[in-house]
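Residue-level structural notes
What follows is each chain in one-letter form.
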Amino acid sequence: MSARGSRLDDAARAGWLYYVAGNTQDQIASTLGVSRQSAQRLVSLAVSEGLVRVRIDHPIAGCLDLARRLKERFGLRFTEVVPSDPASSSTTVGVAEATAAEIERHLLSPQPIVMAVGTGRTLKAAIEQLTPMECPQHRIVSLTGNIAPDGSAAYYNVIFTMADTVKARSFPMPLPVIVSSAEERNLLHEQPMIRPTLDLARKADVTFVGIGDLTQTAPVFEDGFISGEELEAMQKAGAVGEIVGWSFDARGELLKGGMNERVASAPLPSSETSLVIAAAMGPRKLPAIKAAVTRHIVNGLITDERTAAALLNAD
């Protein structure tokens, strides 16, 4: 037998002892009559030569596989899939916690970044999960206005809560979410106080947004930002979803006219230059999520396993 063949035999024995018999590297070294360092190298060789096939028998393994398939299918830069809870009707649980963890991962960077944030129920639930930290090197910018139709603070705007929690410089958008006309929006966007915020949003290194559906229970309708007649008109025009107010159809194309003429939000950062992560789950949002990832309105997705499986099985 060749020296290589003999070494592969030793590697196979070491791999079996480690992964099947559950021996420690010290025990493997004693059994094979080699040093601990040699035992460690043999176990590594068993893996690198494909002699070991590891199967993880745990629900998270299925989530990891779904995340990999989503990334490959839709050409995404980032994916995370969390387990679904069959007993829960929540549209945020699991996804909110995973989004909070990903936000924290970026905020822990010692290098200064610009983080843009959207709004919505899922993102609000995620921000409430954040661990307090000091991040003076970062800048956090809101993509959307913080004034509701009745003049009150928009309930699901997250910029102020986030700024209090992570102690980073924050740049809110002191505008209504939706204004009366395109002319009013253009006038507001030219204000000296607003232009720097819009410029900063365009430079975002990473962006976190929610995705809203445009069914009869659409958040923008239930929260009073648009009327029932406006919602019906958008549905007839083919709208399936919205991100920070910008509505789009099943192909991921922004609608012409309608609400989009009056949205005061900043344009979404380009997915060609920024990591734009959407946090969304559930059957009502499925058409909007599919459109957003297919068109690359977003290039990152945090969702649950049921939604991930439905996306992969969608035509």
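Keep in mind that this is a model prediction, so the values were computed, not measured. (Residues numbered from 1 in each chain as written. Predicted model: local features only at pLDDT ≥ 70, side-chain atom pairs only at ≥ 80, totals over all residues. Heavy atoms only, no water.)

**A few points about the overall build of the chain**
In terms of helices and strands, the chain carries 13 helices and 10 strands. For 315 residues, the compact-globule estimate of 2.2 N^0.38 gives 20 Å, and the C-alpha radius of gyration of the chain, at 24 Å, exceeds that figure by more than 25%. C-alpha extents for the chain along the principal axes are approximately 80 × 45 × 35 Å. For the chain, buried positions account for 47% of its 315 residues. Considering only intrachain contacts with a sequence separation of at least 6, the fraction spanning at least 24 residues in the chain is 70%. Surface accessibility of the chain: about 15,700 Å² in total, with carbon and sulfur atoms responsible for 52%. Distance between charge centroids for the chain: 7 Å, based on 31 positive and 35 negative side chains. (Helix = DSSP H or I, 4+ residues; strand = E, 2+ residues; numbered from the N terminus. Rg over C-alpha atoms; globule rule 2.2 N^0.38 Å. Buried < 20%, exposed > 50% of the residue type's maximum accessible area, 1.4 Å probe, protein only. Contact = heavy atoms within 4.5 Å. Areas by Shrake-Rupley, 256 points an atom, 1.4 Å probe, with all protein chains shown as cover. Lys, Arg positive; Asp, Glu negative; His and termini not counted. Charge placed at Lys NZ, Arg CZ, Asp CG, Glu CD.)

**So, the layout of surface pockets**
There is about 790 Å³ of room inside the largest pocket. Forming the walls of the largest pocket are 44 residues, and the residues nearest its centre are Arg121, Ile211, Gly212, Pro219 and Lys285. Considering only residue class, the lining of the largest pocket consists of 18 nonpolar, 17 polar and nine charged. Within this model, the second largest pocket holds a volume of roughly 330 Å³. If you trace the second largest pocket, you find 16 residues lining it, with Gly252, Leu254, Leu268, Arg295 and Ile297 closest to the centre. (1 Å grid on protein atoms, 1.4 Å probe; cavity = no way out; pocket = protein on both sides within 12 Å on 5 of 7 lines; lining within 4 Å. Points joined across faces, edges and corners; volume = space filled by probe spheres on them. Nonpolar A, V, L, I, M, F, W, Y, C, P; charged D, E, K, R; others polar.)

**Examining helix α13 (residues 305–313)**
The periodicity of an α-helix, 3.6 residues per turn, causes residues three or four places apart in sequence to face the same way. All of the buried residues in α13 are Thr307, Ala308, Leu311 and Leu312. The arc that holds the buried residues of α13, viewed along the axis, is 135 degrees, so those residues lie on one side. (Arc of directions from axis to C-beta.)

**Some remarks on the packing of aromatic side chains**
In total, this model carries one aromatic pair according to the counting rule given. Between Tyr18 and Tyr19, the aromatic rings sit 5.0 Å apart at their centres with planes inclined by 85 degrees, giving edge-to-face as the arrangement. (Phe/Tyr/Trp six-rings, centres within 6.5 Å; stacked < 30°, edge-to-face > 60°.)

**So, the pattern of salt bridges**
For the structure on display, the rule yields 15 salt bridges. For Arg36, the salt bridge goes to Asp26, with nearest N and O atoms at 3.0 Å. Pair noted here: Arg36 is in helix α3 (residues 36–48) and Asp26 is in helix α2 (residues 25–32), with a separation of 10 residues, a long-range link. We classify Asp26 as partly exposed; its relative accessible area is 48%. Within this structure, Asp65, Arg68, Arg69 and Glu72 form a network of salt bridges that share partners. (Salt bridge = Lys/Arg side-chain N within 4 Å of Asp/Glu carboxyl O.)

**Quick notes on the packing of helix α12 (residues 286–294) against α13**
Axis angle and axis distance: for two packed helices, these are the angle between their axes and the distance between the axes, and together they describe the pair. Orientation of α12 relative to α13, taken along the N-to-C sense of each, is 65 degrees, at an axis distance of 10 Å. Once α12 is placed against α13, the crossing between them reads as right-handed. Of α13, the residues touching α12 (which contributes Leu286, Ile289 and Lys290) are Thr307, Ala310 and Leu311. Looking at the contact of α12 with α13, its residues break down into four nonpolar, one polar and one charged. (Axes fitted to C-alpha atoms, helices over the stretch in contact; angles between N-to-C directions. Left-handed = near helix turned anticlockwise from the far one by under 90°.)

**Side note on the sheet that holds strand β5 (residues 206–210)**
The strand order across the open sheet built from seven strands is β1-β10-β9-β5-β2-β3-β4, with neighbouring strands paired in parallel fashion. Unpaired on one side and paired on the other, β1 (78–82) and β4 (169–176) mark the two borders of the sheet. Averaged over all adjacent pairs, the angle separating strand axes in this sheet is 15 degrees, with direction ignored. For strand β2 (residues 114–117) and β5, the ladder comprises three bridges, and the chain directions are parallel. Counted as the bridge partner of Ala116 is Thr207 from β5. Packed on one face of the sheet, helix α5 (residues 95–107) meets β1, β2, β5, β9 (275–279) and β10 (300–304) and runs near 150 degrees to β10. (Pairing = 2+ DSSP bridges.)

**Remarks on a nonpolar patch on the surface**
Judged by side-chain polarity, Trp16, Tyr18, Tyr19, Val20 and Val47 come together as a nonpolar surface patch covering roughly 500 Å² of accessible area. Top element by residues in the nonpolar patch is helix α1 (residues 3–19). It accounts for three residues. Looking at the element boundaries, Val47 is found in helix α3. (Patch = residues over 30% accessible without salt bridge, like charges linked within 9 Å, V, L, I, M, F, W, Y side chains within 5 Å.)

**Regarding the packing of α2 against α3**
Running from amino to carboxyl end, α2 crosses α3 at an angle of 100 degrees, the nearest separation of the two axes being 8 Å. Our classification of the angle between α2 and α3 gives roughly perpendicular. Here Gln25, Asp26, Ile28, Ala29 and Leu32 of α2 come into contact with α3, specifically with Arg36, Ala39, Gln40, Leu42 and Val43. Here the residues of the contact of α2 with α3 are counted per class, giving six nonpolar, two polar and two charged. (Parallel < 35°, antiparallel > 145°, perpendicular 65-115°, else oblique.)

**Observations regarding the sheet that holds strand β7 (residues 239–243)**
The strands making up a sheet associate through backbone hydrogen bonding, with each pair oriented either parallel or antiparallel. The strand order β6-β7-β8 describes an open sheet built from three strands, whose pairing is antiparallel. Whereas interior strands pair on both sides, the edge strands pair on one side only; in this sheet they are β6 (212–213) and β8 (246–249). Alignment of β7 against β8, held across four bridges, turns out to be antiparallel. Opposite Ala239, over in β8, you have Asp249 as the bridge partner. Where α12 meets the sheet, its contacts fall on β6, β7 and β8, and the angle it forms with β7 comes to roughly 70 degrees.

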